[in-house]
Amino acid sequence: MTTDFPVSIEDSALVQLRRMLDRKGDPEAFIRIGVKGGGCSGFEYVIKVDNKPSKFDIRVELDGVPVVSDSRSAKYLQGAVVKSTKNLLNNALTIENPNASRSCGCGTSFTPKDDLLA
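Predicted, not measured: the structure shown is a model, and the values here were computed from it.

J.: It is not clear to me how the packing of aromatic side chains should be interpreted in this structure. Could you clarify?
T.: A ring pair, where both rings are aromatic, is described by two values, the distance of the centres and the angle of the planes. Counting across every chain of the model gives three aromatic pairs. Aromatic pair Phe43 and Tyr76: ring centres 4.8 Å apart, planes at 35°, arrangement tilted. Linking Phe43 in strand S3 (residues 43-50) with Tyr76 in helix H2 (residues 71-77), this pair joins segments that are 33 residues apart in sequence. By the burial criterion, Phe43 is buried, and Tyr76 matches it. Seen from their ring centres, Tyr45 and Phe110 are 4.6 Å apart, and the 15° between their planes marks the pair as stacked. Placement of the pair is Tyr45 in strand S3 and Phe110 in strand S9 (residues 109-112), with a sequence separation of 65 residues. We classify Phe110 as buried; its relative accessible area is 0%. Taken together, the aromatic side chains of Phe43, Tyr45, Tyr76 and Phe110 make up a single cluster linked through ring pairs.

Calculation criteria
Residues numbered from 1 in each chain as written. Predicted model: local features only at pLDDT ≥ 70, side-chain atom pairs only at ≥ 80, totals over all residues. Heavy atoms only, no water. Phe/Tyr/Trp six-rings, centres within 6.5 Å; stacked < 30°, edge-to-face > 60°. Helix = DSSP H or I, 4+ residues; strand = E, 2+ residues; numbered from the N terminus. Buried < 20%, exposed > 50% of the residue type's maximum accessible area, 1.4 Å probe, protein only.

Listed below in C-alpha cells is the structure:
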C-alpha cells in the first residue's frame, strides 16, 4: 500500500471488495471508499463499486483490486481501517476511523473531530 492512500484494508475485507468487483463484471470498475454529507451523525461512509474516476482521486491497487478515495474524503479517512465483520445473517464491511469523535449505532455514519471541521 502507498503511504499516500488514506485507508488500510484488512485482508478479509479485501476479499469482500474483490467479490463486489467480480459481481459487477466491469473491467473498468474499481472500489470507491469515501465520505459524504448525511447520515445520522453528519457524515456517511461510502464503499461502492464505481467506474467513473475523478481527477481528485487517489488510487492504489491492492492484490489486484483497484481502490480509490477522493482527496476530500482522504482528510476524514486518514489512518482509517476497513474491516470485515460477520454475524449470523451476513458479512459486512465496517470502517474503524480514528478521526471520528463519535459514530452512530448503525456504524455507517460519524461525526469528525472538531479540528477536521475547521
